[in-house]
Amino acid sequence: MYRGRTTSGGPSTPAHIYQQPPRLLIVHVALPSWADICSNLCEALQNFFSLACSLIGPSRMSLFSVYMVQNQHECILPFVQVKGNFARLQTCISELRMVQREGCFRPQGTSLQLAVEDGLQQFKQYSRHVPSSVALTYTSLEITILTSQPGKEVVKQLEEGLKNTDLLRVRRLQVVEITKGVLECMDSASPVEELSNDERSILGTDIDLQTIDNDTVSMEIFFKAWLHNSGTDQEHIHLLFPSGCFSNFSRARDNPMCLKCDLQERLLSPSLLPGTADGSLRMDDPKGDFSTIYQMASQSSASRYKLRVIKALKFSGVCESLMYGLPFILRPTSCWQLDWDELETNQQHFHALCHSLLKREWLLLAKGEPLSLGQSQRAPASTFYVIMPSPSLTLLVKAVATRELMLPSAFPLLPEYPPDDSLKTVESILDSLELEPTYNPLQAWSHLYSHLSSTLARPQGRLQSSWESRTLRKAGQQQANRVRATVAPLPMTPAPGRAKMPVTQKASWEAFLLPSNEEEVEEYP
């Protein structure tokens, strides 16, 4: 979180800071509701992957695969690296758009189960043939099933069907029920809420059930959660208080209290996306505090990055013009390596801190402490932060200016009464404006998705024309060039009545390890 300088021979940003586990998305197509869901889902996927494939820096998503389940299961996108494969992802979305929306079919009760088993086998096969240097990042798989069917029934069906399946390589199995509700948050005071606020429950042992509304914005928010650093292997930040501060929380007055926190982004930096921030003007340098706060918090497992609280400030005592950079959110850690009692005590102290700061109308001023340095390294310049409470169980962190950064500025006092003519003119203009109680970012859009999609597709003229021609074909027509799984499944004992899915007999490991020349997309430095 401090702004340190490193030489060209210094360590680079670890990719694991941002990277999420491999993901398998299973789209459960059920008529007639698919006709209402298809366009929203495809638009949300298109928008999401235009972001995920455009972000500068380490890839936040590793492997991704898509299965479709209708009357049988079918792999429409084998496991591929997300970054650099926008063309393949776009082709997969076009496959979903062409799925039959009307008519009827006889769904098989085991189709979802078979899709999970087959996707897991594909993942195991893929993991066995990747270089050992990256094999550690492919140890577990997250599986998400999107369905319009009643979620609890789908969960029960999966629990029964998978009870004899080895799920040790499955990190998380999630069923997401798409409801027919409309987007209610468009007029809400806090339009972008964390997914933990959605209605969800844990049914059975390993299956998570969640519901989302059938609209593009809700689906986008769900997919964007995949960009978060949600790892729980270690806490990100230690928030240290001086000895004696909040002594009623500590067992001994001489021992400073340490709150263990996880760090989360509030929004994506425009500087990490091409074509934003008005060309060369970048308000948030990705090499500055934006990325450094994650780098310092996540790169060392031996020592945690520390924020040391120096003093308290009044709410009204900090000018907004002194804050810079993107905001970050602190939460009580959910690190699984801490014992349960420590996790519970840490969360209670965090709760008490939020409550006390709100009650007193205080902010905290904290200083970032550098990690341990070698003998030949100089201590970097420190960065100071203000920590603000909120009505939720979170704290907001923003960098604040120091003496060295300040420029002289004159702020003359505002005269009490402006001239009457000017006052009437301006008030008339203001009265004509529409007044909203809060700013809702979901009601403001900058056409960024379309810009990113066109930028990513630009080097892919030949492939794009092929994709456009495919969309004109009838949904029931057999497509000889449809994307198939390029990894041969492990041997399975077919269940009675099981529908067999055609797969390529000869697997080409080079084909799935590396994108083809046609499908390579330019990555931004």
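Calculation notes
Residues numbered from 1 in each chain as written. Predicted model: local features only at pLDDT ≥ 70, side-chain atom pairs only at ≥ 80, totals over all residues. Heavy atoms only, no water. Helix = DSSP H or I, 4+ residues; strand = E, 2+ residues; numbered from the N terminus. Contact = heavy atoms within 4.5 Å. Areas by Shrake-Rupley, 256 points an atom, 1.4 Å probe, with all protein chains shown as cover. Phe/Tyr/Trp six-rings, centres within 6.5 Å; stacked < 30°, edge-to-face > 60°. Buried < 20%, exposed > 50% of the residue type's maximum accessible area, 1.4 Å probe, protein only. Salt bridge = Lys/Arg side-chain N within 4 Å of Asp/Glu carboxyl O.

A. Representation of the overall build of the chain in the model. When helices and strands are counted, the chain shows twelve helices and 14 strands. Intrachain contacts of the chain at a sequence separation of at least 6 include 80% that bridge at least 24 residues. Of the roughly 28,900 Å² that the chain leaves accessible, carbon and sulfur atoms contribute 53%.

B. Spatial organisation of the packing of aromatic side chains. Scanning the model with the defined rule gives ten aromatic pairs in all. With centroids separated by 5.9 Å and ring planes inclined at 50 degrees, the aromatic side chains of Phe64 and Trp226 adopt a geometry described as tilted. Taken together, the residues span a long stretch of sequence, with Phe64 in strand β2 (residues 63-69) and Trp226 in the loop between α6 (216-224) and β8 (237-240) at a distance of 162 residues. The exposure class of Trp226 is buried, given its relative accessible area of 4%. Ring plane angle 55 degrees and centroid distance 5.8 Å describe the contact between Phe79 and Phe123, whose orientation is recorded as tilted.

C. Quick peek at the pattern of salt bridges. What the rule picks out here adds up to seven salt bridges. With a shortest N-O distance of 2.8 Å, Lys163 and Glu160 are connected by a salt bridge. The exposure class assigned to Lys163 is exposed, which follows from its relative accessible area of 55%. Taken together, the salt bridges that share partners define one network made up of Arg23, Glu142 and Arg171.

D. Representation of the environment of Cys42 within the structure. Structurally, Cys42 can be placed in helix α1 (residues 34-52). Taking relative accessible area as the criterion, Cys42 reaches 0% and is therefore assigned buried. The spatial distance from the C-alpha of Cys42 to the C-alpha of Cys92 is 9.6 Å, given a sequence separation of 50 residues. Every residue in contact with Cys42, bar those within four places of it in the chain, is listed here: Ile93, Leu96 and Arg97.

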